[in-house]
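Inside the fold
Listed here are the chains, written in short residue letters.
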Amino acid sequence: MPQLGNLALAIALILAVYSIVANIYGMRRNAPDFVVSARHAIWSMCAMVTIAVVVLWVALLRSDFSLEYAASYSSSTLPTAYKITALWAGQQGSLLLWTWLLAIFTSVAAFQNRRRNPDTAPYALAVLAGVAIFFLWMLNFVTRPFDLLPAIPAEGSDLNPLLQNYWMAIHPPSLYIGYVSASVPFAFGAAALITGKLDDGWIRSTRRWAIFSWFFLTLGNLFGARWAYEVLGWGGYWAWDPVENAAFMPWLVMTAYLHSVMIQERKDMLKVWNLSLIGLAFGLTLFGTFITRSGVISSVHSFTQSGLGPYFLSFLIAVTVAYTALLIFRSKQLRSPAEFESYLSREAAFLFNNLILVGITFAVFWGTIFPVLSEAVRGVKITVGPPFFNRVNAPLALGLVFLTGIGPLIAWRRTTADNLVRSFAAPVAIGVATGIIGAACGLRQWYVLTAFSLAAFVMGTVLVEFRRGMNARRHLLAEPRAKALVNLVAKNNRRYGGYVIHVGVIVAFIGIVGSSFFRTEVKKSVHAGDSFTIGSYTLRFLGFSEVDTPHLASATARVEVLGPDGREITVMTPAKLFYIRAQQPATLVAIRSTPLNDLYVVLAGIDDSGQTATFEVFLTPLVFWLWAGGLLMVLGTVIVMWPNVRERAAIATVLSRSSSADRELADLAAPGGD
Amino acid sequence: MNIRPRFFIGAGLIILAIGYLIGNAMRTTSEYYLTVTEVAARQSELGAQALRVAGRVKPGTVNWDPNTLTLKFEIVPIPDLDAAGAPIKPVVATEPVSFRVVAAGEPKPDMFAPGRDVIVEGKLGAGGVITATQVLTSCASKYKPKQSQ
């Protein structure tokens, strides 16, 4: 069986090389047959990588420990679900998953473009095949997933207990889908540069890919944060660890990209900027893999230090140099005739939002690589921790939130004072009122007051927008309120889905601010029957119960939680686990989540006598809203991505008839219209 | 009206502000990241500087009190590995360096165990004792099961 996996990977590599050659030859020599056969080669490559993935999954499920990978990341007692997720627990498997996703996405892009974009798509597919060659070459020659062990061990070493968790099962694939799908817009951008077809065709053709990528990067980051929150047991969800930063940076750049492409689509500006952003996003996905796999930057969870660093760095440098050279080569053709006209315009708001997003990316990048830089320059490693990232990003986040409110409401090109008052009077009033109420309720931190006021301001702008659109439909089409609202979103999904995402971001922001500023913590050693308090809760330790299975042993504490009125609310069960195979303890956190606050109980220690337990308890206000905001972002993205073919056709007809009322309706549906 | 230069002023101001934020935060939050050997070499100049020290937990020195959440142990240098992954014996036998670490008020990390590599955050006090605010364990995703089992 493992030989089959090796063979499939070898054939896939050959097919990837062939598809590049055939695509380029077919385009240069005007031989469409070669372009078709290159497409078939890509589909066959996808089939080969799929075979390799299946072979590895079968080995994991059958506990075939002759395979080094299965012996290292699985065991016979590992639950079946985690045998499946063990595919991406280690380095070889992760790269195989990456390659598989790349092969699938390349195949889909090849299918979508079998008739579309005949001038550029073959080059884009060649670029994607080039990326695939790098990964397939790694799998074939550098880090091979199907290597055998000289002697078959009786049992595998088991999966890292930290990874035996629901969120960890879905976090890496989400992140990888986000990373890898960013290479499709990148490839089409590169193809635009190669062919010199520099209009916004490449952006329009890959708009859905970009949103898809952003969606999964969002999910990946949220799942990772949720995993850290539920599993790591320190009460927080984000530590600015290099690995987290590596996942966060592409998200920031993709967010900037999704906004700035609207300016190009609408105003034919910022061509160089957009091409640079997508190049940066792709480069950062490689950089992320580089720093997590190379060990150049020490991380709390750098899972495998390995010799992969130089390969990724070389590939990253090669891609950067080639792409930059292309940008310079085409720079004359990329000049834009249009100019910014006024600070009080949507273009300006989007441009500044881009600058801040890229600025945050740079700050995160700088803080992440500073240990390496300082060692190279001054001979001593200097690190910066979470305080650095928080101090830089907290003010920038405020600016970003402010622009989130401004951007969608302000007019393109320029705006008048009258217009400003009409759009922003109500939201500003809501924001100021929130600040005053906050101060009256005893909030004194200026940052929190500003943050909550700005958040309320943004919510106000979204409300104004929804009301405006709803009223337009009510007057023009005489629809009742509820129907007007539903139709407004359903028929202008790109625009109003975007607003839902904005609301999600703001709700998550409120959760982040609340949980960062108001968390309290209590540590206490107690005998069975004793109690202690945190906030308005009283916690009573009732005792332990112990369970042993062949896979793990556990000691679960029962903690009774009493509310301010002394009545029992719930019984929480934090636990200590011990994984037999890995000889490794693990902590099971108990969380009681409410919209107001989260009670987070960690069983920190058990006395040898078994009578005393030490608890670490966190009371974190508003953290609930981080996850709620995440859900709203998911909902918004689904609305944005929802296919809306009929409406588009309808708009086309409306526009051809071109009465003023119809045009107003159509304008509502236009992407980023005003 | 000449708009373009005005835009560069706006963009420039934002970039300057970001640069200032980064520079300012660097000055106030950076800390040394040193190995145990480096700490030994620079002991006199470190003073009350915030440190992150990478080292290995010396077996037989670990003392954990679950009631007070106090963890005491010694850290020693992480041996360099050769290409095959075996520790390189130093050519000149040197005095083995180690520092005592006291971490109070934090739960013992699950991955903490004698012989594991850890990063200790804290300050070097008198008598070569590191008062740690945090002990981080690097989690290897791969386990080498004990030979004795």
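Since this is a predicted model, take the numbers as computed values, not measurements.

Let's shift gears to the overall build of chain A. In terms of helices and strands, chain A carries 22 helices and 11 strands. The principal-axis extents of the C-alpha atoms in chain A amount to approximately 80 × 70 × 55 Å. The long-range share in chain A, meaning contacts at least 24 apart out of those at least 6 apart in sequence, stands at 71%.

Turning to the overall build of chain B, a few remarks are in order. In terms of helices and strands, chain B carries two helices and seven strands. Listing every helix and strand of chain B by position from the N terminus yields α-β-α-β-β-β-β-β-β. A total of 149 residues make up chain B; the buried ones form 26% of that total. If you take every contact in chain B between residues at least 6 apart in sequence, the share linking residues at least 24 apart comes to 55%.

With that settled, consider the domain arrangement of chain A. Residues and elements named next belong to chain A. The domain boundaries assigned to chain A delineate domain 1 (1-163), domain 2 (416-517 + 627-669) and domain 3 (520-621). The distance between the C-alpha centroids of domain 1 and domain 3 comes to 44 Å. Taken together, the contact pairs seven residues of domain 1 with seven residues of domain 3. Classifying every residue of the side of domain 1 that touches domain 3 by side-chain character gives two nonpolar, three polar and two charged.

Here we come to the nonpolar core. Residues and elements named next belong to chain A. With 194 residues, the main nonpolar core has M45, A281 and A455 as its most contacted residues. Looking at which element gives the most residues to this core, the answer is helix α10 (residues 207-232), with 16 residues. Ignoring anything within four residues of it in the chain, the contact list for A281 reads A182, F186, P250, V253, M254 and Y257.

Summarising the sheet, strand β1 (residues 381-384) of chain A and strand β1 (residues 30-35) of chain B pair through four bridges and their orientation is antiparallel. Its bridge partner lying in β1 of chain B, T383 of chain A is registered against E31 of chain B. Sheet topology note: the β1 of chain B/strand β2 (residues 51-57) of chain B ladder contains four bridges and is parallel. Its bridge partner lying in β2 of chain B, Y32 of chain B is registered against L51 of chain B. Running through helix α2 (residues 36-46) of chain B, the crossover from β1 of chain B to the neighbouring parallel element β2 of chain B is right-handed.

What counts and what doesn't
Along each chain, numbering runs from 1 in the same order as the chain's sequence is written. For naming, the first written chain is A and the first written ligand is 1, with later ones following in the order written. Only residues with pLDDT of at least 70 get local features here, since the model is predicted, and only at 80 or more are side-chain atom pairs given and counted; chain-wide, interface and lining totals rely on the full set of residues. Numbering goes from the N terminus for both helices and strands, where a helix is a DSSP run of H or I of at least four residues and a strand is a run of E of at least two. Two residues qualify as being in contact provided that their C-beta atoms, derived from the backbone, are within 7 Å of each other. Burial is judged by counting the other C-beta atoms within 10 Å of a residue's own C-beta: 20 or more makes it buried, 12 or fewer makes it exposed, and any count in between marks it as partly exposed, with every C-beta position built from the backbone. Domain ranges listed in this record stem from an automatic or a database domain assignment. Polarity classes work like this: nonpolar for Ala, Val, Leu, Ile, Met, Phe, Trp, Tyr, Cys and Pro, charged for Asp, Glu, Lys and Arg, and polar for all others, with Gly in that last group. The term nonpolar core means buried Ala, Val, Leu, Ile, Met, Phe, Trp, Tyr and Cys residues held together as one set by C-beta atoms within 7 Å. DSSP-based pairing: two strands are paired if at least 2 bridges between them are found. Assignment of crossover handedness uses the view with strands pointing away from the viewer, where a clockwise path from the first strand over the helix to the second indicates a right-handed crossover.

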